[in-house]
Amino acid sequence: MKQEDFVAQYSAEWILFERWLNTRSDIHANKRKPLASNDISDYDFPVRYRRLCQHLSIAQQRGYSPLITDKLETLMQRGHHVLYRPAAPRWRRLVDFFLMEFPCLLRKHYRYFWTSAFLFYVPFFGMIILLHYYPELVHSVLDPKQIGEMEKMYDPASKFDSLGRTSGGDLQMFGFYIWNNVSIGFQTFASGFFVGVGSIFYLLFNGITIGAVAGHLTVIGSGESFWRFVVGHSGPELTAIVIAGTAGLRIGMAIVAPGRKKRVDALIEAGTDGVKLAMGIFAMLVFAAFIEAYWSSIVWVPDVVKYSVGALIWLLIIIWLWRGGRGSVYAT
């Protein structure tokens, strides 16, 4: 085959291969470009790379122009670097997951996220508003023992050194908060296997219960003690509950309406996403427990500092979930 015919027959493949390499470089440099409809995918890359090596071998054997062989050799070397690059350190993969992959995955399922947020926050704020006008309604949600414990923990006249708890050191309470938070998150997530009904129930239940506690304490005059205690850890804790509901609803919908996929395949895909979301949820709940144990209970910190830190944490969470991973390979 003449050189001209060889180039005419295979040059289109070389152009696509080079474009894929350039696009990948742009993605890692946060200069993301949209892929054209005829571009190769990541899954096609190994096959395309082998074909390019064959073309290089043919061109060298037939003594084609150095312009051709040098071009193919450059593309081959770039492709070899991508195909056989060393695996990233575990810590780097972990950082990439939490900073980029997790928020990208959550945004991918934004419909479930906003549905979950609606199911949690509407009863939460609804109970706070209702208890302002009908204080006795709290007895239909909480039993007298629970009400008494809450009132004692957040009594402004209390002499406890630490706010929001009656006993236990920081480390002991840290372990307790982890267990309590993770239990709530796991219930909300895992109950999604009951065609999503379980997740809906726990989102409504937790929204009503937490709202009842907040509303009641505010009405009886313990609101200042309560809000300054919860403002620090409320961001990661409440957001994690909503994300747990997101994962549960995703699994439930895969069972109820798998679409064009087989129900088993849809459930496996939803379960894989759910496990990834659960990793982020666990990290957020542990972080919330750490704040609750070592920061929220401190009584001597001024209110302005407490609320400023709480607002900052909320802001950082919003920015992370909204912008995290944009322009990365996880956003494709």
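Residues numbered from 1 in each chain as written. Predicted model: local features only at pLDDT ≥ 70, side-chain atom pairs only at ≥ 80, totals over all residues. Heavy atoms only, no water.

S.K.: Would you take a moment to explain the overall build of the chain for this structure?
M.R.: A count of helices and strands for the chain gives 12 helices and zero strands. Taken from the N to the C terminus, the helices and strands of the chain come in the order α-α-α-α-α-α-α-α-α-α-α-α. Buried positions account for 42% of the 332 residues belonging to the chain. Once local pairs closer than 6 in sequence are excluded, the contacts in the chain between residues at least 24 apart make up 77%. Surface exposure of the chain reaches about 18900 Å², of which carbon and sulfur atoms provide 64%. (Helix = DSSP H or I, 4+ residues; strand = E, 2+ residues; numbered from the N terminus. Buried < 20%, exposed > 50% of the residue type's maximum accessible area, 1.4 Å probe, protein only. Contact = heavy atoms within 4.5 Å. Areas by Shrake-Rupley, 256 points an atom, 1.4 Å probe, with all protein chains shown as cover.)

S.K.: Looking at this model, I keep getting lost on the pattern of salt bridges. Mind explaining?
M.R.: Pairing is possible between side chains of opposite charge, provided their charged atoms come close. Within this structure, the stated rule accounts for eight salt bridges. For the salt bridge of Asp96 with Arg92, the shortest nitrogen-to-oxygen distance reads 3.2 Å. Here the residue Asp96 and the residue Arg92 both occupy positions in helix H4 (residues 90-108), the gap between them amounting to four residues, near one helical turn. The closest approach of N and O atoms between Lys276 and Glu101, which form a salt bridge, is 3.1 Å. One end of the pair, Lys276, is in helix H11 (residues 263-296); the other, Glu101, is in helix H4, and 175 residues separate them in sequence. By relative accessible area, which is 29% here, Lys276 ends up partly exposed. The exposure class assigned to Glu101 is buried, which follows from its relative accessible area of 18%. Connected through shared salt-bridge partners, Arg250, Lys261, Glu269 and Asp273 make up one network. (Salt bridge = Lys/Arg side-chain N within 4 Å of Asp/Glu carboxyl O.)

S.K.: Hey, could you run me through helix H3 (residues 66-83) in this one?
M.R.: Residues spaced three or four apart along an α-helix face the same direction, because each turn holds 3.6 residues. Between its first and last C-alpha, H3 extends 25 Å over 18 residues, near the 26 Å set by a 1.5 Å rise per residue. Three or more residues of H3 are buried, namely Ile68, Thr69, Leu72, Leu75, Met76, Gly79 and Val82. Buried residues along H3 cover an arc of 145° about the axis, so they all sit on one side. Seen from the open side of H3, the exposed residues pointing more than 90 degrees away from its buried face are Pro66, Leu67 and His81. (Expected span 1.5 Å × (residues − 1). Arc of directions from axis to C-beta.)

S.K.: So what exactly am I meant to see when it comes to the packing of aromatic side chains here?
M.R.: A complete count under the given rule lists 21 aromatic pairs for this structure. Centre to centre, the rings of Tyr154 and Phe226 are 5.4 Å apart; their planes meet at 80°, and the pair counts as edge-to-face. One end of the pair, Tyr154, is in the loop between helix H6 (144-153) and helix H7 (170-190); the other, Phe226, is in helix H9 (residues 223-230), with 72 residues separating them in the sequence. In terms of burial, Tyr154 and Phe226 fall into one category: buried. Cluster of aromatic residues (ring-pair linked, three or more members): Phe6, Tyr10, Trp14 and Tyr64. Just above the ring of Trp295 sits the side chain of Lys306; from NZ or CZ to the centre is 5.2 Å. (Phe/Tyr/Trp six-rings, centres within 6.5 Å; stacked < 30°, edge-to-face > 60°. Lys NZ or Arg CZ within 6 Å of the ring centre and 35° of its normal.)

S.K.: Looking at this structure, I do not really get the packing of helix H10 (residues 234-256) against helix H12 (residues 303-323). What am I missing?
M.R.: Any two packed helices are characterised by the angle at which their axes cross and by the distance between the axes. Where H10 meets H12, the closest approach of the two axes is 8 Å, and the angle between their N-to-C directions is 35°. In contact with Ser234, Gly235, Pro236, Thr239 and Ile243 of H10, H12 contributes Ile313, Trp314, Ile317 and Leu321. A per-class count over the contact of H10 with H12 returns six nonpolar, three polar and no charged. (Axes fitted to C-alpha atoms, helices over the stretch in contact; angles between N-to-C directions. Nonpolar A, V, L, I, M, F, W, Y, C, P; charged D, E, K, R; others polar.)

S.K.: Before we go on, may I ask you to explain the packing of helix H8 (residues 197-219) against H10 in this structure?
M.R.: H10 packs onto H8 with a crossing angle of 160° between their chain directions and a minimal axis gap of 9 Å. The angle between H8 and H10 falls in the class roughly antiparallel. The handedness of the crossing between H8 and H10 comes out as left-handed. For the pair H8 and H10, the contacting residues are Ser199, Ile200, Leu203 and Ile210 in the first and Leu238, Ile241, Val242, Gly245, Gly248 and Leu249 in the second. The class makeup of the residues in the contact of H8 with H10 is seven nonpolar, three polar and no charged. (Parallel < 35°, antiparallel > 145°, perpendicular 65-115°, else oblique. Left-handed = near helix turned anticlockwise from the far one by under 90°.)

S.K.: Could you clarify how one ought to interpret the nonpolar core in this entry?
M.R.: Burial of nonpolar side chains together is a common tendency in soluble globular proteins. Membership of the largest hydrophobic core comes to 32 residues, with the highest contact counts inside it found for Phe102, Ile243 and Leu277. Of all the secondary-structure elements, those providing two or more residues to this core are H4, helix H5 (110-133), H7, H10, H11 and H12. Of all the elements, H10 adds the most residues to this core, at 11 residues. Ignoring sequence-local partners within four residues, the contact set of Leu277 consists of Phe102, Leu105, Leu106, Ile243 and Ala247. (Core = buried A, V, L, I, M, F, W, Y, C linked by side-chain atoms within 4.5 Å.)

S.K.: What should I look at first to understand the side chain of Thr69 in this one?
M.R.: Turning to its location among the elements, Thr69 is positioned in helix H3. Residue class for Thr69 comes out buried when judged on its relative accessible area of 11%. What Thr69 contacts, discounting residues up to four positions off in sequence, is Leu56, Ala59, Gln60 and Tyr64.

S.K.: In this structure, what is going on with a nonpolar patch on the surface? I would like to understand it.
M.R.: Taken together, Ile129, Leu130, Tyr133 and Tyr134 make up a surface patch of nonpolar side chains, about 450 Å² in accessible area. Along the chain, Tyr133 falls in helix H5. (Patch = residues over 30% accessible without salt bridge, like charges linked within 9 Å, V, L, I, M, F, W, Y side chains within 5 Å.)

S.K.: What's the story with the environment of Ala293 in this structure? I'm lost.
M.R.: Mapping Ala293 onto the fold places it in helix H11. Assessed through its relative accessible area of 0%, Ala293 is described here as buried. In this structure, the C-alpha to C-alpha distance between Ala293 and Gly175, residues 118 residues apart in sequence, is 8.7 Å.

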